[in-house]
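Residue-level listing of the chains:
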Amino acid sequence: MSRVLQKAYTGLRRSRRSRDRGTLSGRQGRSSAFAMPVSALSSHLCHAEAASEAAVKVAFLYNFFKFIEWPESANTQNRYTLCLSSHTDFGDHILMLEGKTVNGKPLDVVRNIAAKDLKSCHLIFIDAADNPGDYARELKGAPIVTVSDKSGFINQGGTIGLIQDGNRLSFEINLETANSGSTRISAQLLKLAKNILAGK
């Protein structure tokens, strides 16, 4: 495991606090246990060894929140919501996000999100076993960022696809999908994307 990833993983573990419910929330200040220059996402963050791949994906999801702006219509809530589809299994790694904030707002994590609750999500990770393309089509035009590690996800209308790049985990972005939902992806994050699908 790379030094940067080890530092990130250790920092996330320090923030873990047990909780009975599957929904996680936080009230800490705007500190980031995964704080690092955005450029580090590109060159150091992504060494995805088998034992740490889930931790890396969780760290990516958390960092995506920091470089995406949602339209005012999606910012009426006083917290951000990360949703996980039914087959997503990050194990205890997802608990590392408990107590985290994004731009001063607590971050909630909702597992096994039901179809009727999708519109409450700001960002949703869709496991490859959950037919990510169906989610992307259902949420087209909504201010919800869809993320999946399913191969070719951005070509199915998804917003961000996690991809294996040698021994690293990288990502690609469908900018047309993001724009259709009026979500703004930071130029810093766009620079780090392995591929950008801009549309017409």
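Basis of the calculations
Residues numbered from 1 in each chain as written. Predicted model: local features only at pLDDT ≥ 70, side-chain atom pairs only at ≥ 80, totals over all residues. Heavy atoms only, no water. Buried < 20%, exposed > 50% of the residue type's maximum accessible area, 1.4 Å probe, protein only. Helix = DSSP H or I, 4+ residues; strand = E, 2+ residues; numbered from the N terminus. Pairing = 2+ DSSP bridges. Salt bridge = Lys/Arg side-chain N within 4 Å of Asp/Glu carboxyl O. Expected span 1.5 Å × (residues − 1). Core = buried A, V, L, I, M, F, W, Y, C linked by side-chain atoms within 4.5 Å. Contact = heavy atoms within 4.5 Å. Polar contact = N/O pair within 3.5 Å; in protein donor to acceptor, adjacent residues only side chain to side chain. Phe/Tyr/Trp six-rings, centres within 6.5 Å; stacked < 30°, edge-to-face > 60°. Lys NZ or Arg CZ within 6 Å of the ring centre and 35° of its normal.

Of all five residues making up strand E2 (residues 80–84), five are buried, and the element is well covered by its neighbours. The alternating pattern of E2 places Tyr80, Leu82 and Leu84 and Thr81 and Cys83 on opposite faces, both of which are buried. Examined bridge by bridge, E2 and strand E5 (residues 123–126) share three bridges and lie parallel to one another. Pairing of leucine 82 across the sheet is with leucine 123, part of E5.

In summary, the side chains of a regular strand alternate between the two faces of the sheet. Residues Val145 and Val147 line one face of strand E6 (residues 145–148) and the alternating positions Thr146 and Ser148 line the opposite face, and both faces are buried. Relative to E6, E5 runs parallel, the two sharing four bridges. Within the sheet, the bridge partner assigned to leucine 123 lies in E6 and is valine 145. Summarising the sheet, E6 and strand E7 (residues 160–165) pair through two bridges and their orientation is parallel. When the sheet's bridge partners are listed, valine 147 is paired in E7 with isoleucine 160.

Within the open sheet, the eight strands sit side by side as E3-E4-E2-E5-E6-E7-E8-E10. Their pairing is mixed. In the strand order of this sheet, the two ends are held by strand E3 (101–102) and strand E10 (195–197), each with one partner.

A word on the side chain of threonine 159. Among the structural elements, threonine 159 can be located in the loop between E6 and E7. Relative accessible area serves as the criterion here: at 1%, threonine 159 is assigned to the buried category.

Time to look at the pattern of salt bridges. For the coordinates displayed, the defined rule picks out seven salt bridges. Aspartate 165 is the partner of lysine 194 in a salt bridge, and the nearest nitrogen-oxygen pair spans 3.3 Å. A residue pair is termed long-range when its members are at least 10 positions apart, and lysine 194 in the loop between helix H6 (187–192) and E10 and aspartate 165 in strand E7 qualify at 29 residues.

Between its first and last C-alpha, helix H3 (residues 53–66) extends 21 Å over 14 residues, near the 20 Å set by a 1.5 Å rise per residue. Along H3, 11 of the 14 residues are buried, which leaves the element largely enclosed by surrounding structure.

Generally speaking, nonpolar side chains in soluble globular proteins are found buried as a group. With 36 residues, the main nonpolar core has Phe64, Leu82, Leu123, Val147 and Phe171 as its most contacted residues. With seven residues, the top contributor of residues to this core is H3. With residues up to four places along the chain from it excluded, the contact list for leucine 82 reads Leu61, Phe65, Ile94, Leu97, Leu107, Asp108, Val109, Val110 and Leu123. Within the second largest apolar cluster, 12 residues are counted, among which are Leu118, Tyr135, Ala136 and Leu139.

With that settled, consider the side chain of serine 170. Among the secondary structure elements, serine 170 is positioned in strand E8 (residues 168–174). Residues in contact with serine 170, not counting those within four places in the same chain, are Gly161, Leu162, Ile163, Asp165 and Lys194.

Here we take up unusual backbone geometry. Phi at asparagine 112 is positive, roughly 50°, even though this residue is not glycine. When its relative accessible area of 52% is taken as the criterion, asparagine 112 is described as exposed.

Turning our attention to the environment of leucine 190. When you line up the elements, leucine 190 lands in helix H6. Each C-alpha atom, one on leucine 190 and one on phenylalanine 67, is 9.4 Å from the other, the two residues being 123 residues apart in sequence. Contact partners of leucine 190, with chain neighbours within four places excluded, come to Ile173, Leu175, Ile185 and Ile196.

Summarising the element assignment, serine 85 is placed in the loop between E2 and E3. On a C-alpha basis, the gap between serine 85 and arginine 111 in space is 6.6 Å, while along the polypeptide they are 26 residues apart. Setting aside anything within four residues of it in sequence, one finds serine 85 in contact with Asn112, Ile113, Phe125, Ile126, Asp127, Asp130 and Tyr135. At a separation of 2.9 Å, a polar atom in the side chain of serine 85 contacts the main-chain amide nitrogen of aspartate 127.

Let us now look at the packing of aromatic side chains. In this structure the tally under the stated criterion is seven aromatic pairs. Between phenylalanine 65 and tyrosine 80, the ring centres sit 5.9 Å apart and the planes meet at 65°, which makes this aromatic pair edge-to-face. Of this pair, phenylalanine 65 sits in helix H3 while tyrosine 80 sits in strand E2; the two residues are 15 residues apart in sequence, bridging distant segments of the chain. For phenylalanine 65, a relative accessible area of 0% translates into the label buried. Cation over ring: lysine 105 sits above tyrosine 80, and NZ or CZ is 5.0 Å from the ring centre.

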